[in-house]
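# Topology and contacts: notes
Now for the letters of each chain:
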Amino acid sequence: TMEKYLSYGKFDNGNDIIDQRKFTKANYGYGLFYTEEKVKDKAYKIMLHHGGMYGSASSFYKMLDQDITVVQFSNQQISIPLFSILDKIKLSYWN
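Everything quoted here is computed from the prediction, not taken from an experiment. (Residues numbered from 1 in each chain as written. Predicted model: local features only at pLDDT ≥ 70, side-chain atom pairs only at ≥ 80, totals over all residues. Heavy atoms only, no water.)

Summed over the entire model, instances satisfying the criterion amount to 1 aromatic pair. Taking the centre distance of 5.4 Å and the plane angle of 50 degrees together, the rings of Tyr-44 and Phe-83 count as tilted. Of the two residues, Tyr-44 is situated in strand 5 (residues 42-53) and Phe-83 in helix 2 (residues 82-88); the sequence distance between them amounts to 39 residues. We note that Tyr-44, like Phe-83, is buried. (Phe/Tyr/Trp six-rings, centres within 6.5 Å; stacked < 30°, edge-to-face > 60°. Helix = DSSP H or I, 4+ residues; strand = E, 2+ residues; numbered from the N terminus. Buried < 20%, exposed > 50% of the residue type's maximum accessible area, 1.4 Å probe, protein only.)

We now examine the pairing of strand 7 (residues 68-74). The side-chain alternation of strand 7 yields one buried face, formed by Ile-68, Val-70, Gln-72 and Ser-74, and one unburied face, formed by Thr-69, Val-71 and Phe-73. Sheet topology note: the strand 6 (residues 56-63)/strand 7 ladder contains 7 bridges and is antiparallel. In the sheet register, Phe-60 faces strand 7, and the bridge partner there is Val-71. Hairpin connection of strand 6 to strand 7: 4 residues between the antiparallel strands. (Pairing = 2+ DSSP bridges.)

That is the geometry; function is a separate question.
This is the structure in structure tokens:
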């Protein structure tokens, strides 16, 4: 169910999964994070997942209230934030 999908995640030992950016419990289910980010005075619901290995990085972003999905592959070891990508390609997400 979507409720389970968006629930707070736990490790096998019962400890909470922590969002490293906010140091709070993370909405993490089935390998994807759920977050809300506020940009230009509007909150956006986003599903995301980052991954990579030495010398590369990848990111998957799905904006749940807009018809926007971004998949990023990079030869750098850092993922570019979603809104930086959208602003760079001048994609309107605020409508």
